[in-house]
Structures are given as C-alpha cells and as structure tokens.
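A look at the structure
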Amino acid sequence: MKKILSFIAVIALIGGIGAGYLYSQLFSSPFQHTETAYIFIDSDDTADSIRNKVQAVGAKSMTGYDLMAKLKKYGDKHRTGKYAVKPGANMFELVREMANGIQVPTKLVIPTARTVDKITAAISKQLMIDSLSLAEALHSADLKDFNKETLPALFIPDTYEVYWDITPEKLVARLQKEHDKFWNATRLQKAKDAKLTPVEVATLASIVESETNYGPEKARVAGLYLNRLHTGMLLQSDPTVKFALQKFELKRILFEHLTYDSPYNTYKYAGLPPGPICIPTPAGMDAVLDYEKHNFIYMCAKEDFSGSHNFAVSLAEHMNNARKYQQALNQRGIK
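Quick summary incoming for the structure in this document.

The rules behind each value
- Residues numbered from 1 in each chain as written.
- Predicted model: local features only at pLDDT ≥ 70, side-chain atom pairs only at ≥ 80, totals over all residues.
- Heavy atoms only, no water.
- Buried < 20%, exposed > 50% of the residue type's maximum accessible area, 1.4 Å probe, protein only.
- Helix = DSSP H or I, 4+ residues; strand = E, 2+ residues; numbered from the N terminus.
- Pairing = 2+ DSSP bridges.
- Phe/Tyr/Trp six-rings, centres within 6.5 Å; stacked < 30°, edge-to-face > 60°.
- 1 Å grid on protein atoms, 1.4 Å probe; cavity = no way out; pocket = protein on both sides within 12 Å on 5 of 7 lines; lining within 4 Å.
- Points joined across faces, edges and corners; volume = space filled by probe spheres on them.
- Nonpolar A, V, L, I, M, F, W, Y, C, P; charged D, E, K, R; others polar.
- Core = buried A, V, L, I, M, F, W, Y, C linked by side-chain atoms within 4.5 Å.
- Contact = heavy atoms within 4.5 Å.
- Salt bridge = Lys/Arg side-chain N within 4 Å of Asp/Glu carboxyl O.
- Axes fitted to C-alpha atoms, helices over the stretch in contact; angles between N-to-C directions.
- Parallel < 35°, antiparallel > 145°, perpendicular 65-115°, else oblique.
- Left-handed = near helix turned anticlockwise from the far one by under 90°.

**Here we look at the pairing of strand 1 (residues 37–41)**
Burial along strand 1 is one-sided: the face carrying Ala37, Ile39 and Ile41 is buried and the face carrying Tyr38 and Phe40 is not. The pairing of strand 1 with strand 2 (residues 81–85) spans five bridges and is classified as antiparallel. Counterpart to isoleucine 39 in the pairing with strand 2 is tyrosine 83.

See below:
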C-alpha cells in the first residue's frame, strides 16, 4: 500500500493532479453493474484489447485502470483466464487480480452428443481451448482402454468446475479422472454381473438412449438387448444403422439400409458395435447396469408415436406390433 501511495503522490506531483482524485479512481468503484460481470483474457490479447475489455464491462472512468496498469507493468505481459468484476469492484482490486492470475472457475457442461467431434466443438465454445487442440490432445494422450471407436465412452456428461484457460492436456486428464470416479466399485461390479466392460456398458447405453427418450423404459430396453446378446441374436437396432450411414435424420429404415456393410450395422454383424454411437448420459449407463430382467427379445415403436415401445416375447406378437407401426407410418406419409 505504501508503494501505491508513493506512486500516486509522484504521479499527482508530475501531472498537477490531486492525489485525492487519483486515490478515489483506484479505490472507488467505476462500475455501475449490479450483477457480477466477467472479463475473458486469452493469449492473443494485447494491452489495448485488455483495456477495451475492462471498459466494455461498464467502467465510467479508466483513470484508475491506467494508473494500476502502469504501476503493475500490466498489459502486453498478462495472464490468461476468466476474471470476475463484482458489483462495487475497484480498479486496484481488478488489475491486481488480473496481473496475478487470480481468476475464477467456470462451469463446464459436458453434453451428450452424437460424435466426439461435436462434443469437442461444444467444449471449445465454453473454454479458451479450440476444438482442434482438444482433439489432438485426446488422440495423443495415453488413455487406457480407449481407441478411436471407444473414445466416446470416456466422456461422462455433467457439469464440472474448471479454469477457463485450462490446457487441452489438463482437460483430458480431468475427463479421465471423472470417468474413473464414475466407475466406482459398485458400478464395476454391476457391469461384471451383466458380463460387460465399462466401455460395453457405454456402448449399449448409447443404443438404448438412441432407441428411446422415455426414461422409465430404458432399463427394459437394456434388458431386451442383453437378452439378445446373451443368446447370440443380432441386436438389430435401427439407430446403429443410422450411425453407420451417418444419416441421423432418417425417419424410416428400409431394406437397402439394412444391407449396408459396416461393423456398426447390428442387422449385419452380431454383438455390440465397436463403440458407442453417441455419448450416453450417466442415467443411461445406470439403466444398463440396473437393467430389467424379463424375457422380451422384440420391440417396436408404438403406433401412437408416443416415443414408447411395444415389447414382445414371440416373433408372431412382434410382427403384429410391427404391422401396426408400419400402417401408422403409411397413414402419416412417412417414408
């Protein structure tokens, strides 16, 4: 503080400005906002761009900022990060925090997504990281149990606190940590009881969640697919065909689609596909781990388009359900 006061006195003497005025510019708030605002400083910022960002949050006067920036030699040499400007904040506090890198964490939302590319794009919109750097870090990191096909299983959709300028490498390490945290002893045992690995649970969950958005039905759908897996039947899941074709907009799966040669086409290849067909939610994975035990091996979307399904044990019953659904599609002109 003595250094600050001495600096103020020198500047006031040289410029013929009242020391009291300069003191007020430093320690009185020039901001008028009533809710916390944030300043994001990235590696490309300069002294001018940082000053503009500070001014943009509503500073009535920049005299205090200029004084502190000169004292701290702050500007072109700066620390990246997300900095909070609370109601009543003064320039002394703000510049000191930015110069010392005292930033606040940000809430990072890891969403569900169809592909890893989409999830890295979603992350890059929330952090200083660009999607290409994150993709490179994901593919170059030593991630146990993951390859290009199984990588979607790494992500556990949730909201996490991280620093806005976290490096791609540190974020990948955090993702691995959250994955390992999710897969606690209880979940690992449930997966083992279902004769699945964690990656296989995520893969099956991605199919279940692509089949139905109806929460109460997910455990039943999971049980159906496990019945098929354990008896050696083809899964015959329409969403896996859409993924293989990369045509997620398809409303109706035709015979020509079912013959498409891809390891993700579960009408053509037995067992689970090579990896998840989307990033599943924690609830979806828990639905697989807590799957409903029953004898159903067939399912068909209900003809009322409610999003739920008719389940069947016999092929005859299933074909009857399928006819009702096909008729409903025809009546609506869906092709």
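**Regarding the packing of aromatic side chains**
For the structure shown, the criterion picks out seven aromatic pairs. Ring centres 4.7 Å apart and planes at 50 degrees place the aromatic pair phenylalanine 243 and tyrosine 264 in the tilted group. A residue pair is termed long-range when its members are at least 10 positions apart, and phenylalanine 243 in helix 12 (residues 238–245) and tyrosine 264 in the loop between helix 13 (255–258) and helix 14 (282–289) qualify at 21 residues. For tyrosine 264, a relative accessible area of 12% gives the class buried.

**Focus on the layout of surface pockets**
The space that makes up the second largest pocket amounts to roughly 310 Å³. In this structure, the second largest pocket is lined by 13 residues; those nearest its centre are Thr115, Val116, Lys148, Pro152 and Phe243. Residue composition of the lining of the second largest pocket, by class: six nonpolar, three polar and four charged.

**A closer look at the nonpolar core**
Residues Leu127, Leu138, Phe155, Leu171 and Tyr225 are the most contacted members of the largest nonpolar core, which totals 55 residues. Here this core takes seven residues from helix 10 (residues 198–211), the largest share from any one element. Not counting the four nearest positions on each side in its chain, leucine 138 is found in contact with Val116, Thr120, Leu143, Leu151, Leu154, Phe155, Val172 and Leu175. Judged by nonpolar contacts, the second largest core, of 26 residues, contains Ile50, Ala59, Leu71 and Ala89.

**Considering the pattern of salt bridges**
Considering all chains together, one arrives at eight salt bridges under this definition. Salt-bridge contacts for lysine 190 lead to aspartate 290; the nearest nitrogen and oxygen are separated by 2.7 Å. Of this pair, lysine 190 sits in helix 9 (residues 185–193) while aspartate 290 sits in the loop between helix 14 and strand 5 (298–301), placing them 100 residues apart in sequence. The partly exposed category is assigned to lysine 190, whose relative accessible area is 31%.

**Section: unusual backbone geometry**
The phi torsion at lysine 73 lies on the positive side, around 55 degrees, for a residue other than glycine. Tracing the chain through its elements places lysine 73 in the loop between helix 4 (63–72) and strand 2. You can call lysine 73 exposed: its relative accessible area is 72%. A positive phi angle, near 65 degrees, is found at lysine 195, a position not held by glycine.

**Things to note about the environment of valine 241**
Looking at the secondary structure, you find valine 241 in helix 12. Between the alpha carbons of valine 241 and leucine 258 there is a distance of 6.8 Å; along the sequence they are 17 residues apart. Sequence-distant contacts of valine 241, defined by excluding residues within four places in its chain, comprise Ile253, His257, Leu258, Tyr264, Asn265 and Tyr267.

**Quick look at helix 12**
For helix 12, the buried fraction is high: six of the eight residues fall into the buried class. In the core, the buried residues of helix 12 are packed alongside helix 10 and helix 13.

**Side note on the packing of helix 4 against helix 5 (residues 91–100)**
Packing of helix 4 against helix 5 brings their axes to within 9 Å, and their N-to-C directions diverge by 40 degrees. Judged on the interaxial angle alone, helix 5 and helix 4 are oblique. Crossing of helix 4 against helix 5: the hand is right-handed. Taking contact as the criterion, the partners of Gly64, Tyr65, Met68, Ala69 and Lys72 in helix 4 are, on helix 5, Met91, Phe92, Val95, Arg96, Met98, Ala99 and Asn100. Among the residues making up the contact of helix 4 with helix 5, the classes are represented as eight nonpolar, two polar and two charged.

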